[in-house]
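# Per-entry structural report
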Amino acid sequence: MSRRTAVVTGASSGIGAATARRLAASGYRVVLAARRADRVEGLAAELVKEGRDAVAQVLDVTDRAAVEAFAAGLDRCDVLVNNAGGALGADRIEAADPADWRSMYEVNVLGVLHLTQALLPALRASGDGTIVVLSSTAGLATYEGGGGYVAAKHGAHVIAETLRLELCGEPVRVIEIAPGMVRTEEFAKNRFGGDEEKAAAVYSGVAEPLTAEDVADTVDWAVTRPSHVNIDLLVVRPRAQASNYKVHREN
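Residues numbered from 1 in each chain as written. Predicted model: local features only at pLDDT ≥ 70, side-chain atom pairs only at ≥ 80, totals over all residues. Heavy atoms only, no water.

### Considerations on the pattern of salt bridges
It is possible for side chains of opposite charge to pair when their charged atoms get near one another. This is how the line gets drawn: Throughout this description, the term salt bridge denotes a Lys or Arg side-chain nitrogen within 4 Å of a carboxyl oxygen of Asp or Glu. Helix numbers and strand numbers start at the N terminus; a helix is a DSSP run of H or I with at least 4 residues, a strand a run of E with at least 2. The buried label applies to any residue whose accessible area, calculated with a 1.4 Å probe on protein chains only, is under 20% of its type's maximum; exposed applies above 50%, and partly exposed to all values in between.
Summed over all chains, the structure comprises 14 salt bridges. Between D220 and R22 there is a salt bridge; the shortest N-O distance is 3.6 Å. Separated by 198 residues along the polypeptide, D220 in helix α8 (residues 212-223) and R22 in helix α1 (residues 14-25) bring together distant segments of the chain. Residue classification places D220 among the buried positions, given a relative accessible area of 7%. Classification of R22 by relative accessible area gives partly exposed; the value is 33%. Salt-bridge contacts for R39 lead to E185; the nearest nitrogen and oxygen are separated by 3.9 Å.

### Remarks on the sheet that holds strand β5 (residues 129-134)
How we decide: For two strands to be treated as a pair, DSSP must find at least two bridges joining them. Every axis in this analysis is a line fitted to C-alpha atoms, fitted for helices over the stretch in contact. Angles between the N-to-C directions lie between 0 and 180 degrees.
Pairing in this open sheet of seven strands is parallel, and the strands run β3-β2-β1-β4-β5-β6-β7 from one edge to the other. The open sheet has two edge strands, β3 (54-58) and β7 (233-236), and neither has a second partner. Along the sheet, successive strands turn relative to each other by an average axial angle of 15 degrees, direction set aside. Across four bridges, strand β6 (residues 172-179) lies against β7 in parallel orientation. Bridged to A178 within β7 is V235.

Here it is, written out as C-alpha coordinates:
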(Lines give C-alpha, C1' and ligand atoms only; values in the text may rest on other atoms or scores of the structure.)
Protein backbone atom coordinates (compact mmCIF):
# COMPACT_ATOMS: atom_id res chain seq x y z
CA MET A 1 0.00 0.00 0.00
CA SER A 2 1.28 3.47 -0.84
CA ARG A 3 2.35 5.80 1.93
CA ARG A 4 -0.32 7.67 3.91
CA THR A 5 -1.13 10.86 2.07
CA ALA A 6 -1.90 14.31 3.47
CA VAL A 7 -3.39 17.02 1.28
CA VAL A 8 -2.63 20.56 2.46
CA THR A 9 -4.41 23.50 0.83
CA GLY A 10 -2.97 27.00 0.84
CA ALA A 11 0.45 25.36 0.96
CA SER A 12 2.33 28.11 -0.87
CA SER A 13 3.24 30.07 2.27
CA GLY A 14 2.61 30.64 5.96
CA ILE A 15 0.76 28.02 7.98
CA GLY A 16 0.09 25.84 4.94
CA ALA A 17 3.73 25.60 3.92
CA ALA A 18 4.84 25.01 7.51
CA THR A 19 2.21 22.29 7.94
CA ALA A 20 3.31 20.55 4.75
CA ARG A 21 6.91 20.56 6.00
CA ARG A 22 5.89 19.21 9.40
CA LEU A 23 3.66 16.41 8.08
CA ALA A 24 6.34 15.41 5.57
CA ALA A 25 8.80 15.15 8.45
CA SER A 26 6.28 12.93 10.26
CA GLY A 27 6.36 10.51 7.34
CA TYR A 28 3.37 11.55 5.28
CA ARG A 29 3.40 11.83 1.52
CA VAL A 30 2.27 15.44 1.22
CA VAL A 31 0.31 16.91 -1.65
CA LEU A 32 0.82 20.67 -1.68
CA ALA A 33 -2.14 22.48 -3.21
CA ALA A 34 -2.19 26.24 -3.86
CA ARG A 35 -2.72 28.76 -6.63
CA ARG A 36 0.89 29.91 -7.00
CA ALA A 37 2.76 27.34 -9.05
CA ASP A 38 6.24 28.71 -8.36
CA ARG A 39 5.70 28.59 -4.60
CA VAL A 40 4.26 25.08 -4.27
CA GLU A 41 6.60 23.59 -6.86
CA GLY A 42 9.57 25.18 -5.12
CA LEU A 43 8.50 23.83 -1.73
CA ALA A 44 7.85 20.36 -3.13
CA ALA A 45 11.30 20.34 -4.73
CA GLU A 46 12.84 21.45 -1.43
CA LEU A 47 11.13 18.63 0.45
CA VAL A 48 12.11 16.02 -2.13
CA LYS A 49 15.71 17.19 -1.92
CA GLU A 50 15.52 16.55 1.84
CA GLY A 51 14.36 13.00 1.16
CA ARG A 52 10.67 13.65 1.83
CA ASP A 53 7.76 12.47 -0.32
CA ALA A 54 6.04 15.55 -1.73
CA VAL A 55 4.21 16.63 -4.86
CA ALA A 56 2.85 20.01 -5.91
CA GLN A 57 -0.54 20.70 -7.44
CA VAL A 58 -1.72 24.11 -8.65
CA LEU A 59 -5.26 24.48 -7.33
CA ASP A 60 -7.79 27.22 -6.67
CA VAL A 61 -10.06 25.86 -3.93
CA THR A 62 -12.91 28.13 -5.08
CA ASP A 63 -13.00 26.41 -8.50
CA ARG A 64 -15.32 23.42 -8.07
CA ALA A 65 -14.42 21.77 -11.38
CA ALA A 66 -10.70 22.09 -10.64
CA VAL A 67 -11.19 20.61 -7.17
CA GLU A 68 -13.08 17.63 -8.55
CA ALA A 69 -10.36 17.02 -11.17
CA PHE A 70 -7.72 17.28 -8.45
CA ALA A 71 -9.53 14.73 -6.27
CA ALA A 72 -9.95 12.35 -9.21
CA GLY A 73 -6.20 12.41 -9.77
CA LEU A 74 -5.29 11.25 -6.25
CA ASP A 75 -4.69 7.58 -5.58
CA ARG A 76 -5.54 8.02 -1.89
CA CYS A 77 -6.11 10.62 0.83
CA ASP A 78 -5.74 9.95 4.53
CA VAL A 79 -5.56 13.50 5.85
CA LEU A 80 -7.08 16.69 4.47
CA VAL A 81 -5.85 19.96 5.94
CA ASN A 82 -8.25 22.72 4.91
CA ASN A 83 -5.88 25.63 5.40
CA ALA A 84 -6.54 27.91 2.41
CA GLY A 85 -8.15 31.12 3.60
CA GLY A 86 -7.47 34.72 4.49
CA ALA A 87 -8.87 38.10 5.46
CA LEU A 88 -9.57 41.15 3.34
CA GLY A 89 -10.05 44.58 4.88
CA ALA A 90 -10.86 45.78 8.38
CA ASP A 91 -13.69 48.19 7.66
CA ARG A 92 -16.78 48.67 9.78
CA ILE A 93 -19.83 46.92 8.37
CA GLU A 94 -21.34 50.17 7.14
CA ALA A 95 -18.31 50.78 4.92
CA ALA A 96 -17.31 47.21 4.03
CA ASP A 97 -16.84 46.15 0.43
CA PRO A 98 -19.25 43.33 -0.46
CA ALA A 99 -16.69 42.01 -2.95
CA ASP A 100 -14.24 41.43 -0.08
CA TRP A 101 -16.90 39.59 1.89
CA ARG A 102 -17.74 37.43 -1.12
CA SER A 103 -14.08 36.58 -1.68
CA MET A 104 -13.58 35.65 1.97
CA TYR A 105 -16.68 33.46 1.96
CA GLU A 106 -15.61 31.75 -1.26
CA VAL A 107 -12.19 30.69 0.03
CA ASN A 108 -12.77 30.27 3.78
CA VAL A 109 -16.13 28.50 3.58
CA LEU A 110 -16.87 27.18 0.10
CA GLY A 111 -13.24 26.18 -0.36
CA VAL A 112 -13.53 23.94 2.70
CA LEU A 113 -16.83 22.58 1.39
CA HIS A 114 -15.44 21.82 -2.08
CA LEU A 115 -12.34 19.96 -0.84
CA THR A 116 -14.19 18.07 1.87
CA GLN A 117 -16.95 16.88 -0.45
CA ALA A 118 -14.48 15.90 -3.18
CA LEU A 119 -12.12 13.98 -0.89
CA LEU A 120 -14.56 12.46 1.59
CA PRO A 121 -14.91 9.21 -0.42
CA ALA A 122 -11.13 8.73 -0.32
CA LEU A 123 -10.98 9.64 3.37
CA ARG A 124 -13.64 7.03 4.11
CA ALA A 125 -11.87 4.47 1.94
CA SER A 126 -8.65 4.97 3.90
CA GLY A 127 -10.35 3.40 6.90
CA ASP A 128 -8.75 6.04 9.15
CA GLY A 129 -9.29 9.48 7.66
CA THR A 130 -8.78 12.88 9.23
CA ILE A 131 -10.23 16.23 8.18
CA VAL A 132 -8.57 19.31 9.66
CA VAL A 133 -10.25 22.71 9.43
CA LEU A 134 -7.96 25.67 10.13
CA SER A 135 -10.43 28.22 11.42
CA SER A 136 -9.52 31.10 13.73
CA THR A 137 -10.40 32.59 17.08
CA ALA A 138 -12.34 34.99 14.83
CA GLY A 139 -14.70 32.07 14.27
CA LEU A 140 -15.49 31.99 17.98
CA ALA A 141 -15.76 35.68 18.94
CA THR A 142 -16.34 38.84 16.94
CA TYR A 143 -14.61 42.23 16.96
CA GLU A 144 -15.13 45.62 15.32
CA GLY A 145 -13.77 45.82 11.81
CA GLY A 146 -13.77 42.06 11.44
CA GLY A 147 -17.35 41.44 10.32
CA GLY A 148 -16.62 39.75 7.00
CA TYR A 149 -13.70 37.64 8.21
CA VAL A 150 -15.50 36.74 11.43
CA ALA A 151 -18.58 35.64 9.46
CA ALA A 152 -16.46 33.50 7.14
CA LYS A 153 -14.54 31.84 9.95
CA HIS A 154 -17.77 31.22 11.85
CA GLY A 155 -18.86 29.39 8.70
CA ALA A 156 -15.71 27.25 8.73
CA HIS A 157 -16.24 26.53 12.43
CA VAL A 158 -19.81 25.40 11.80
CA ILE A 159 -18.71 23.13 8.94
CA ALA A 160 -16.36 21.34 11.34
CA GLU A 161 -19.01 21.04 14.05
CA THR A 162 -21.65 19.75 11.65
CA LEU A 163 -19.31 17.30 9.92
CA ARG A 164 -18.37 15.80 13.26
CA LEU A 165 -22.05 15.10 13.96
CA GLU A 166 -22.77 13.76 10.50
CA LEU A 167 -19.72 11.49 10.37
CA CYS A 168 -20.10 10.10 13.88
CA GLY A 169 -19.62 6.33 13.70
CA GLU A 170 -17.56 6.50 10.51
CA PRO A 171 -13.76 6.10 10.33
CA VAL A 172 -13.14 9.83 9.79
CA ARG A 173 -12.09 12.30 12.47
CA VAL A 174 -12.89 16.01 12.22
CA ILE A 175 -10.40 18.33 13.92
CA GLU A 176 -10.64 22.10 14.18
CA ILE A 177 -7.59 24.21 14.98
CA ALA A 178 -8.40 27.83 15.81
CA PRO A 179 -5.27 30.03 15.97
CA GLY A 180 -5.20 33.47 17.50
CA MET A 181 -2.51 36.01 16.62
CA VAL A 182 -0.08 34.43 14.16
CA ARG A 183 2.59 36.49 12.46
CA THR A 184 3.25 35.23 8.93
CA GLU A 185 4.81 36.92 5.95
CA GLU A 186 1.53 37.59 4.15
CA PHE A 187 -1.64 37.39 6.25
CA ALA A 188 -1.84 40.96 7.58
CA LYS A 189 -0.22 42.43 4.47
CA ASN A 190 -2.87 40.81 2.28
CA ARG A 191 -5.60 41.96 4.62
CA PHE A 192 -4.51 45.57 4.25
CA GLY A 193 -3.90 45.51 0.51
CA GLY A 194 -0.12 45.41 0.80
CA ASP A 195 0.12 48.30 3.29
CA GLU A 196 3.26 47.36 5.26
CA GLU A 197 2.66 49.96 7.97
CA LYS A 198 -0.86 48.76 8.79
CA ALA A 199 0.29 45.15 8.70
CA ALA A 200 3.13 45.84 11.13
CA ALA A 201 0.78 47.67 13.51
CA VAL A 202 -1.20 44.46 14.08
CA TYR A 203 1.80 42.96 15.89
CA SER A 204 3.23 46.17 17.35
CA GLY A 205 4.62 45.63 20.83
CA VAL A 206 3.80 41.91 20.89
CA ALA A 207 7.10 40.27 21.70
CA GLU A 208 6.22 36.79 20.55
CA PRO A 209 3.12 36.28 18.42
CA LEU A 210 2.62 32.73 17.20
CA THR A 211 4.56 31.61 14.14
CA ALA A 212 3.40 29.43 11.27
CA GLU A 213 5.60 26.69 12.69
CA ASP A 214 3.79 26.87 16.05
CA VAL A 215 0.47 26.20 14.34
CA ALA A 216 1.96 23.50 12.11
CA ASP A 217 3.27 21.76 15.24
CA THR A 218 -0.25 21.86 16.68
CA VAL A 219 -1.77 20.41 13.50
CA ASP A 220 0.84 17.64 13.38
CA TRP A 221 0.22 16.75 17.04
CA ALA A 222 -3.55 16.57 16.56
CA VAL A 223 -3.32 14.51 13.37
CA THR A 224 -0.85 12.01 14.83
CA ARG A 225 -2.90 11.16 17.94
CA PRO A 226 -4.12 7.52 18.10
CA SER A 227 -7.04 6.88 15.76
CA HIS A 228 -9.61 6.75 18.57
CA VAL A 229 -8.58 10.21 19.84
CA ASN A 230 -10.31 13.20 18.25
CA ILE A 231 -9.23 16.76 19.03
CA ASP A 232 -12.59 18.42 18.42
CA LEU A 233 -11.44 22.02 18.84
CA LEU A 234 -8.04 23.35 19.83
CA VAL A 235 -7.62 27.09 20.39
CA VAL A 236 -3.99 28.21 20.28
CA ARG A 237 -2.84 31.72 21.09
CA PRO A 238 0.44 33.36 22.06
CA ARG A 239 0.92 33.88 25.78
CA ALA A 240 0.54 37.64 25.22
CA GLN A 241 -3.00 37.22 23.90
CA ALA A 242 -5.84 36.37 26.27
CA SER A 243 -8.66 37.04 23.80
CA ASN A 244 -9.30 38.80 20.49
CA TYR A 245 -9.36 42.02 22.52
CA LYS A 246 -6.87 41.44 25.30
CA VAL A 247 -3.31 41.57 23.99
CA HIS A 248 -0.26 42.56 26.02
CA ARG A 249 1.88 45.07 24.13
CA GLU A 250 5.21 46.22 25.44
CA ASN A 251 5.09 49.71 23.91
